Structures are given as structure tokens and as C-alpha cells.
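# A structural walkthrough
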Amino acid sequence: GLACLLGTLAALSDIIDGLLAQRTGLASQAGEVFDAAVDRYGESFLLGGMAIYYRSEWAILTLALAALVGSFMVSYTTAKAEACGVPPPRGSMRRAERAVYLLGAACFTGFSRTLYADGASLWLRDLPMLAAIALVGVVSNISAVRRFAAIARALRAHS
């Protein structure tokens, strides 16, 4: 519950910050770089915290680490495409989408823990969060690989 609340407040602050910068004419490339770095740190703390929390369950730990890697790789493909001068490919699991899945799961996991408090397995008590971690872990990595392939095709077409 607390993770959901804090994560949602952080996401809303990020949205408001960007809108204010644009509307007041204070948006800059330096601000965009700083914002992107803060976003990456925030996401790494969230998914790193999941990896630490679930460290005793190797399957969940593996999914959390896959989600962390996939999240960074999706963001990296956009940056790499821009650096290579090709349009960034579109695809699944952009930052906002990942945030919705993970923060929504954090909210629902509070309810599932209340429902299954006594004697239920971790897998049942944390099912919403585990489903979100698995979804982000699998789909973000597939999306990153597809994005890299699209960038490679675009670069070959320009050669």
C-alpha cells in the first residue's frame, strides 16, 4: 500500500514537473537529461527493492531482475535510436506502462495480502505483484529485442 502511494505520488510529480516546464517555457535538454536520470533511478530502486524483498525465492528474484534489465533496455533503445539519428521504435513497456502495471499491482497486493493473510503461500498472497513483475520482465525484454532489430533495420536502410 505504501509503495503504491509513494510511487503514484512520484509519478504524478514527474508528470506535473514536465507539464510545468513546457508551459512556463523552462523546458531544456539539460532538464530532460536530469528527468530521465531521476526516472531511471526511481525505477531501479523500485525493482531493486523487489529483488531484495524476494531474494529467498529464486524464481521471483529472477523475474524481478529480468524486469529491471528489460526496463532499462527499453529505455536504452530509445536513447540509442536518437543517438544514431533514427526514429525511436515504438513498442510495449514504455516507462508509463511499466509504472501502471507495477503501481497497480502494489495496490492490489495490499488487498490480496489481507485476503490471504493466514497460512497462504507467498505466491498467492503476492499474486498481483508477482504477475506484474513477470509481465514486465518478459514483455519488456521481448520489446527491447524487437526495438533493437527495428533500429538495426533502419540503420541498414540508411547505409
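Turning to the overall build of the protein chain, a few remarks are in order. A count of helical and extended segments in the protein chain gives 6 helices and 0 strands. Reading the protein chain from its N terminus to its C terminus gives the helix and strand order α-α-α-α-α-α. Considering only C-alpha atoms, the protein chain reaches an extent of 60 × 40 × 20 Å along its principal axes. Long-range pairs, those at least 24 residues apart, make up 70% of the contacts in the protein chain between residues at least 6 apart in sequence. Summed over all atoms, the accessible surface of the protein chain reaches about 9,800 Å², with 69% contributed by carbon and sulfur. Here the protein chain carries 14 positive and 11 negative side-chain charges, and the mean point of each set is 8 Å from the other.

Within this model, the largest pocket holds a volume of roughly 1,100 Å³. Taken together, 34 residues line the largest pocket, and the ones lying closest to its centre are E32, D35, A36, D39 and R95. Those elements giving two or more residues to the lining of the largest pocket turn out to be helix 1 (2-23), helix 2 (29-53), helix 3 (58-84) and helix 4 (95-115). A per-class count over the lining of the largest pocket returns 16 nonpolar, 8 polar and 10 charged. Considering only enclosed or pocket space, the second largest pocket measures out at about 470 Å³ in volume.

A few words now on the packing of helix 1 against helix 4. Any two packed helices are characterised by how steeply their axes cross, that is the angle between the axes, and by the distance between the axes. Between helix 1 and helix 4, whose axes approach to 8 Å, the crossing angle comes to 155 degrees. Between helix 1 and helix 4, the angle falls in the class roughly antiparallel. Every pair of crossing elements has a handedness; the one defined by helix 1 and helix 4 is left-handed. Contacts between helix 1 and helix 4 involve A3, C4, G7, T8, A11 and D14 from the former and R95, L103, A106 and C107 from the latter. Residue classes in the contact of helix 1 with helix 4 are distributed as 6 nonpolar, 2 polar and 2 charged.

A few words now on a nonpolar patch on the surface. A cluster of nonpolar side chains, L12, I15, I16, L19 and L20, forms an exposed patch at the surface whose accessible area comes to about 470 Å². With respect to the helices, strands and loops of the structure, I16 is situated in helix 1.

Attention now moves to the pattern of salt bridges. In total, this model carries 3 salt bridges according to the counting rule given. Of the charged contacts, one joins R98 and E43 as a salt bridge, the two residues approaching to 2.5 Å between their closest N and O atoms. Taken together, the positions of R98 in helix 4 and E43 in helix 2 put the pair 55 residues apart, joining distant regions of the chain. Per residue, the accessibility class of R98 equals that of E43, and both read buried.

Cut-offs and rules
- Residues numbered from 1 in each chain as written.
- Predicted model: local features only at pLDDT ≥ 70, side-chain atom pairs only at ≥ 80, totals over all residues.
- Heavy atoms only, no water.
- Helix = DSSP H or I, 4+ residues; strand = E, 2+ residues; numbered from the N terminus.
- Contact = heavy atoms within 4.5 Å.
- Areas by Shrake-Rupley, 256 points an atom, 1.4 Å probe, with all protein chains shown as cover.
- Lys, Arg positive; Asp, Glu negative; His and termini not counted.
- Charge placed at Lys NZ, Arg CZ, Asp CG, Glu CD.
- 1 Å grid on protein atoms, 1.4 Å probe; cavity = no way out; pocket = protein on both sides within 12 Å on 5 of 7 lines; lining within 4 Å.
- Points joined across faces, edges and corners; volume = space filled by probe spheres on them.
- Nonpolar A, V, L, I, M, F, W, Y, C, P; charged D, E, K, R; others polar.
- Axes fitted to C-alpha atoms, helices over the stretch in contact; angles between N-to-C directions.
- Parallel < 35°, antiparallel > 145°, perpendicular 65-115°, else oblique.
- Left-handed = near helix turned anticlockwise from the far one by under 90°.
- Patch = residues over 30% accessible without salt bridge, like charges linked within 9 Å, V, L, I, M, F, W, Y side chains within 5 Å.
- Salt bridge = Lys/Arg side-chain N within 4 Å of Asp/Glu carboxyl O.
- Buried < 20%, exposed > 50% of the residue type's maximum accessible area, 1.4 Å probe, protein only.

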